[in-house]
Amino acid sequence: MKFIFLFLFTILVFSCENNSFERDKRQLIAKNMIREKLKNIQAFDITAFKEDTLHEAPDAEFKNPIRYTLDITYKDSTGALQNKEAFVVFTPDGKSVISSQINN
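These notes cover the structure that comes with them. (Residues numbered from 1 in each chain as written. Predicted model: local features only at pLDDT ≥ 70, side-chain atom pairs only at ≥ 80, totals over all residues. Heavy atoms only, no water.)

**Section: the overall build of the protein chain**
Counting its secondary structure elements, the protein chain contains two helices and four strands. Going through the 104 residues of the protein chain one by one, you find that 24% of them count as buried. Total accessible area on the protein chain stands at roughly 7700 Å², and carbon and sulfur atoms take up 53% of it. (Helix = DSSP H or I, 4+ residues; strand = E, 2+ residues; numbered from the N terminus. Buried < 20%, exposed > 50% of the residue type's maximum accessible area, 1.4 Å probe, protein only. Areas by Shrake-Rupley, 256 points an atom, 1.4 Å probe, with all protein chains shown as cover.)

Rendered as structure tokens:
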């Protein structure tokens, strides 16, 4: 009987969803969104990555959206090295992208 309770407890603990996995998924989504905006690039790399919660959102539709800031480097179609900053804004639950942009 002890083993059955131990087995059920183990299944319960390991079946819980991990929040850090959600962060990893958002990071991959943010990277892919920015990479899709850039055309004919080579050697794409993210040099810095930051996650923030916006308490004063530019869009009043969502309260406290999540913003990812990426410092990116890549070679453009002419071979020149570019360093830029990109932003991807997610809904507060982190499941959908609101906007994305690339700044110089």
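**Some remarks on the packing of aromatic side chains**
Tallying each qualifying case throughout the model produces two aromatic pairs. Taken together, a centroid distance of 5.4 Å and an interplanar angle of 70° make the contact between Tyr-68 and Phe-90 edge-to-face. With Tyr-68 in strand E2 (residues 66-75) and Phe-90 in strand E3 (residues 81-90), this residue pair connects regions lying 22 residues apart in the sequence. Of the two residues, Tyr-68 and Phe-90, neither departs from the other in class, the shared state being buried. Put simply, the rings of Phe-49, Tyr-68 and Phe-90 pair up and form one aromatic cluster. (Phe/Tyr/Trp six-rings, centres within 6.5 Å; stacked < 30°, edge-to-face > 60°.)

**As for the nonpolar core**
In this structure, Ala-30, Ile-34, Leu-38, Phe-44, Ile-66, Tyr-68, Leu-70, Ile-72, Tyr-74, Ala-86, Val-88 and Phe-90 together form the largest nonpolar core, which totals twelve residues. Taken together, the elements giving at least two residues each to this core come down to helix H2 (19-37), E2 and E3. It is E2 that contributes the most residues to this core, five residues altogether. In contact with Phe-90, not counting residues within four places along its chain, are Arg-26, Ile-29, Ala-30, Pro-65, Ile-66, Tyr-68, Ser-96, Val-97 and Ile-98. (Core = buried A, V, L, I, M, F, W, Y, C linked by side-chain atoms within 4.5 Å. Contact = heavy atoms within 4.5 Å.)

**A word on the environment of Ile-102**
Inspection of the secondary structure puts Ile-102 in strand E4 (residues 97-103). It is 8.9 Å that separates the C-alpha atoms of Ile-102 and Val-88, two residues lying 14 residues apart in sequence. For Ile-102, the contacting residues outside a window of four places in its chain are Ile-34, Lys-37, Leu-38, Lys-84, Glu-85 and Ala-86.

**Looking at the pairing of E2**
By the criterion of burial, E2 is predominantly enclosed, with seven of the ten residues buried. In the sheet, strand E1 (residues 42-53) pairs with E2 via nine bridges, with the strands oriented antiparallel. Pairing of Lys-50 across the sheet is with Thr-69, part of E2. Bridge count between E2 and E3: ten bridges; the pairing is antiparallel. Residue pairing in the sheet places Arg-67 in a bridge with Val-89 of E3. Where E2 folds back on E3, the antiparallel hairpin that results is connected by five residues, among which Gly-79 adopts a positive phi of roughly 95°. (Pairing = 2+ DSSP bridges.)

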